[in-house]
Structures are given as C-alpha cells and as structure tokens.
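Descriptive structure summary
Listed here are the chains, written in short residue letters.
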Amino acid sequence: MTTTDPDVQRKILNRLKRAQGQLAAVISAVEREDDCRTVVTQLSAVSSALDRAGFQIIATAMKDCLAEPGESTDGTQGEVSMSELEKLFLSLA
C-alpha cells in the first residue's frame, strides 16, 4: 500500500498492530478457557480495529485517486479504479 501521507501510513500501521495485540489476547483467552464474555469482547475489539484500518486504507486510496484521477500515488496508471474501491469498501460492510 502506498500513500502520499506518512502520517496516515503510521496511523494505519498503528491500528493493525493494535489489532495484532488484541488477537493475541483472544488466543490467550481461549487457551486459558476464559469465559465467553471475555473472548467475545476481545474478538469484537479485533474486528473493530481491522475494520477501522480497512476503511482508512480505502479512504486514503479514494482521496489519492480523486486528487490524481487515473494515476496512482506511485505514478503507475490506473492501479485501483473507483469501481474497485467501491467493491473493496462494500466488502468491509
């Protein structure tokens, strides 16, 4: 994934790392045979963190495509079309 904004890239990576930590907590909770409330709460946190990261990635791609239609941030032509972005966005819903 490429983006013209390093701050956005850092935020996305932070969200994904947070989800990774939350997933480790889910695995630990299952291994410890914690009650279902604990497992489901942690699983919900993982899911939410991944959704937020996915939406941020798609929003960044849409912003970059609208800023430079027909050209991706790395200078290649038509890397992701708007219809592809729409499909990706809807796949997260």
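Residues numbered from 1 in each chain as written. Predicted model: local features only at pLDDT ≥ 70, side-chain atom pairs only at ≥ 80, totals over all residues. Heavy atoms only, no water.

In terms of regular secondary structure, the protein is built from three helices and zero strands. Taken from N to C terminus, the helices and strands of the protein fall in the order α-α-α. Taken across its 93 residues, the protein has 19% of its residues classed as buried. When the accessible area of the protein is evaluated, it comes to approximately 6400 Å², of which 58% is carbon and sulfur surface. (Helix = DSSP H or I, 4+ residues; strand = E, 2+ residues; numbered from the N terminus. Buried < 20%, exposed > 50% of the residue type's maximum accessible area, 1.4 Å probe, protein only. Areas by Shrake-Rupley, 256 points an atom, 1.4 Å probe, with all protein chains shown as cover.)

Attention now goes to the environment of Ala29. As for its position among the elements, Ala29 is in helix H1 (residues 6-31). Dropping the residues within four chain positions of it, Ala29 is found in contact with Asp34, Thr38 and Val39. (Contact = heavy atoms within 4.5 Å.)

Among the secondary structure elements, Gln22 is positioned in helix H1. Look at Gln22 and you get buried, because its relative accessible area is 19%. Setting aside residues up to four positions removed in sequence, Gln22 forms contacts with Gln42, Ala45, Val46 and Ala49.

Attention now goes to the confidence of the model for the protein. When the pLDDT values of the protein are averaged, the result is 81; 78% of them are 70 or greater. Across the protein, the element-wise mean pLDDT spans from 78 in helix H3 (residues 82-91) up to 92 in H1. (pLDDT = per-residue confidence, 0-100.)

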